[in-house]
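Spelled out from the first residue to the last, the chains are:
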Amino acid sequence: MDKTVNLIKLSVGTESVEDLARWQKTRRAEREDGLPRHVTRMWPKREGEILNDGSIFWVIKGLVQCRQRILRLDEVFGDDGIRRCAIVLDTQIHRTQSVLKRPFQGWRYLSPQDAPPDLPEGRENDDALPVELNRALAEIGVI
């Protein structure tokens, strides 16, 4: 199979890419494999395409700002006995070009053609633009 599909998800309560990384590091310590994960109620039907080098793109403060490669999908059961899907992620967070995204619930599929590109090499460590400036530039199509 050569098709790839990504996921896109709101990172609720996250203020910045650095905030997401900090949160994942604290949660990572609780896992045996040390990898960050996001647990969701719904199991993706397009599992094969996701695991074919797919990523999860994170929407932070109304903007797609970064992505993480999806390594695997693990079956987990909550305290309530309900089966859930743990989306296991690479520890490396790749900054992307900012793209406006309206709020939505859960996760969505994101085709590679619609995914924002990674920032050019050497730019991933640049200081982030203030959120409001970033949003304004994205609204007028500059970034």
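Quick caveat, the model's predicted, so the values are computed rather than measured. Each chain carries its own residue numbering, running from 1 in the written order of its sequence. Residue-level local features of this predicted model are given only where pLDDT is at least 70; pairs of side-chain atoms are given and counted only at 80 or more, and the full residue set underlies all totals for whole chains, interfaces and linings. To obtain the side-chain values, all non-hydrogen atoms of the structure were used and water was disregarded.

Another aspect to go through is the overall build of the protein chain. By definition, any uninterrupted DSSP run of H or I lasting at least four residues is a helix, any uninterrupted run of E lasting at least two residues is a strand, and each is numbered from the N terminus. Broken down by element type, the protein chain carries three helices and seven strands. In sequence order, the secondary structure elements of the protein chain are arranged as β-α-β-α-β-β-β-β-β-α. For the radius of gyration, the atom set is restricted to C-alpha positions; the globular benchmark scales as 2.2 Å times the number of residues to the power 0.38. Relative to the compact-globule value of 15 Å for 143 residues, the protein chain shows a C-alpha radius of gyration of 15 Å, a close match. Taken across its 143 residues, the protein chain has 38% of its residues classed as buried. Whether a residue is buried, partly exposed or exposed follows from its accessible area with a 1.4 Å probe, protein chains only, as a fraction of its type maximum: under 20%, in between, or over 50%, in that order.

What follows deals with unusual backbone geometry. For Asp53, which is not a glycine, the phi torsion comes out positive at approximately 75°. Secondary-structure assignment places Asp53 in the loop between α2 (47-50) and β3 (55-60). With a phi angle near 55°, Lys61 is a residue other than glycine that sits in the positive phi range. Secondary-structure assignment places Lys61 in the loop between β3 and β4 (63-77). For Lys61, a relative accessible area of 37% translates into the label partly exposed.

This part is about the pairing of strand β1 (residues 6-10). Each regular strand shows side chains that alternate between the opposite faces of the sheet. Where burial is concerned, most of β1 is hidden: five out of the five residues are buried. Pairing between strands is defined by DSSP: at least two bridges between the two strands are required. Relative to strand β7 (residues 107-110), β1 is paired through four bridges, and the arrangement is antiparallel. In the sheet register, Leu7 faces β7, and the bridge partner there is Tyr109. Two elements, β1 and β3, share four bridges in a ladder whose sense is parallel. Within β3, the position partnered with Lys9 by the bridge is Trp58.

All right, on to the environment of Glu47 then. With respect to the helices and strands, the residue Glu47 is situated in helix α2. In this structure, the C-alpha to C-alpha distance between Glu47 and Val5, residues 42 residues apart in sequence, is 9.0 Å.

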